[in-house]
Structures are given as C-alpha cells and as structure tokens.
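For reference, the chains in residue letters:
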Amino acid sequence: MEEMWVRGIFFYQVLKYIQEHKGKSIYDLMGAKIEDYRADKKYDFGEFCDLLARADMVAGEADNGFVSQMSKETMEGEAKWKMLFRRMDPRNIFTSTKRQEGRHNVADFRTLEERDGFVEIEMRMLGSKASHQILWADFYKGRLEGILSLMGRNGTVKIERGKEGVFFYLIKWK
C-alpha cells in the first residue's frame, strides 16, 4: 500500500483554528501543539485524521459540518493562495491537481466532467479506513469551498459517495 501523508501545514492550520475559534481549554484537549509540526514536513495521514476526529468531537454536535467549515476558513486564510486564485477560471483550478501533489498524498483525483460553471471530480482514497476517508472527504470539500471563495465566486460543493473509498465532488459556480 502506498504511503499516505499530509504536510505539517494542515496540522498547524487545524490547531491554530481550534485555538482561535474554540479557545485555549479546547486547544489543550487536542493533545497536540502547534509547535510540534513543521509546515514543510510530511506527517502520517492517519495521525492527521485522528486530529480531525478530535477537532470534530470537541466542536460538539451543534457544529455539524465543522470539519468542512474549518477547512474552508483555513483555506481562505492561506496568504499564498489568495493572490494565486484571485480572478482565475475555476475550471482551470479544479481540473488540475498539480498544486496539491506537494501538500498531500492521500488519494487519486481525476476530472469526470467539466463545462461552464461546473466540474465533477472523482477522488479515490488510497487507504481503506472508512472513518479516515469520510473525515478527509469533508476536509477536502472545505478546501474546494475555500478555493471558490478565494476566487470571488458564488457556488456550491457537494459530495456524493461511490463505492468504498470513492467520492465525487460536484462543484458549481456563477
């Protein structure tokens, strides 16, 4: 099985978000510290999903969709993407996965359909742990929503589940 990893920037963003939006006591409950992660270093995907699960748990049931929302907001806050995505054509962004290859290795992606105002992406997870697949699918949905926001586009991102480990993202925008 292929090694699954994410860059430390994702750990940093999740922990920083919890610290700023949920408070110090909740941050302390996470069992990880921001300074434990280097942005450019690779970390185990399972460890990241465990962090997402803890974040979702401490958010509470009232925050349904917390992982996606947190991911969207952290994406919107990434300075390097703000200038890159501004005024770009969403079709060019969503049909290319080259930018993410250096940031994570968790799934294979391919474009199934593209037309004006719509792209469908298939994501096939490399690992088989269902809870991790779902957490990553929600996290990735938030990233896609954040990209739409950074481009100044109104739109939606919906997830449809396929067979085990396969997710379809339906991205629409105006």
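Before reading further, recall that the structure is shown in the block above.
Attention here is on the structure that accompanies the text. Residue positions are given per chain, counting from 1 as you read along its sequence in written order. With the structure being a predicted model, the display of local features is reserved for residues of pLDDT at least 70 and the display and counting of side-chain atom pairs for 80 or more, all residues being used for whole-chain, interface and lining totals. Hydrogens and water molecules were not included; the side-chain quantities draw on all heavy atoms of the structure.

## A short note on the layout of surface pockets
Where empty space is left becomes clear once a probe the size of a water molecule has been rolled over the atoms.
Right, on to step 1. The way it works is a 1 Å grid over only the protein atoms, where trapped points that fit a 1.4 Å probe form a cavity and open points with protein on both sides within 12 Å along at least five of seven lines form a pocket, and then any residue with an atom within 4 Å of a point lines it. Grid points are joined across faces, edges and corners, and a volume is the space filled by probe spheres set on the points. The space that makes up the largest pocket amounts to roughly 230 Å³.
Right, on to step 2. Looking at the lining of the largest pocket element by element, the count peaks at seven residues for helix H1 (residues 8-22). The numbering of helices and of strands both runs from the N terminus, where a helix is a DSSP run of H or I of at least 4 residues and a strand a run of E of at least 2.

## Here's the deal with helix H7 (residues 130-150)
Right, on to step 1. In this scheme, a helix's expected span is set at 1.5 Å multiplied by one less than its residue total. For H7, which comprises 21 residues, the first-to-last C-alpha distance of 30 Å matches the rise-based estimate of 30 Å (1.5 Å per residue) to within 8%.
Right, on to step 2. Buried residues dominate H7, accounting for 16 of its 21 residues.
Right, on to step 3. In the stretch just after H7, Gly152 is the one whose phi turns positive, near 75 degrees. To sort residues, take the accessible area from a 1.4 Å probe on protein chains only and compare it with the maximum for the residue type: under 20% means buried, over 50% means exposed, and anything in between is partly exposed.

## Overview of the packing of aromatic side chains
Right, on to step 1. For this analysis, a ring pair means two rings from Phe, Tyr or Trp (six-membered ring only for Trp) whose centres lie within 6.5 Å, classed as stacked if their planes differ by under 30 degrees, edge-to-face if by over 60, and tilted for the remaining angles. For the structure on display, the rule yields 16 aromatic pairs.
Right, on to step 2. The interplanar angle of 85 degrees and the centroid separation of 5.5 Å between the aromatic rings of Phe10 and Phe139 together place this pair among those described as edge-to-face. Pair noted here: Phe10 is in helix H1 and Phe139 is in helix H7, with a separation of 129 residues, a long-range link.
Right, on to step 3. Measuring from ring centre to ring centre gives 5.0 Å for Tyr37 and Tyr43, while their planes differ by 70 degrees; the resulting arrangement is edge-to-face.
Right, on to step 4. Overall, Tyr37 belongs to the buried group, its relative accessible area being 13%.
Right, on to step 5. With relative accessibility at 11%, the residue Tyr43 sits in the buried group.
Right, on to step 6. Aromatic rings pair up to connect Phe10, Phe11, Tyr37, Tyr43, Phe45, Phe48, Phe109, Trp136, Phe139, Tyr140 and Tyr169 into one cluster.
Right, on to step 7. The ring of Trp5 carries Lys42 above its face, with NZ or CZ at 4.4 Å from the centroid. Whether a charge lies above a ring is judged from NZ of Lys or CZ of Arg, which has to be within 6 Å of the ring centre and within 35 degrees of the ring normal.

## Focus on the side chain of Lys141
Right, on to step 1. Tracing the backbone shows Lys141 in helix H7.
Right, on to step 2. Two residues qualify as a contact provided that any one of their heavy atoms is within 4.5 Å of a heavy atom in the partner residue. Beyond its immediate stretch of four places on either side in the chain, Lys141 contacts Ser68, Val157, Ile159 and Tyr169.

## A look at the pattern of salt bridges
Right, on to step 1. Salt bridge criterion: a side-chain nitrogen from Lys or Arg within 4 Å of a carboxyl oxygen from Asp or Glu. All chains considered together, the criterion is met by twelve salt bridges.
Right, on to step 2. With a shortest N-O distance of 3.3 Å, Glu76 and Lys72 are connected by a salt bridge. Here Glu76 pairs with Lys72, and both are found in helix H4 (residues 66-76), just four residues apart, close to one helical turn.
Right, on to step 3. Given a relative accessible area of 21%, Glu76 falls into the partly exposed group.
Right, on to step 4. Judged by relative accessible area, Lys72 falls into the partly exposed class, the value being 23%.
Right, on to step 5. We note a salt bridge from Arg124 to Glu122, for which the minimum N-O separation is 3.3 Å.

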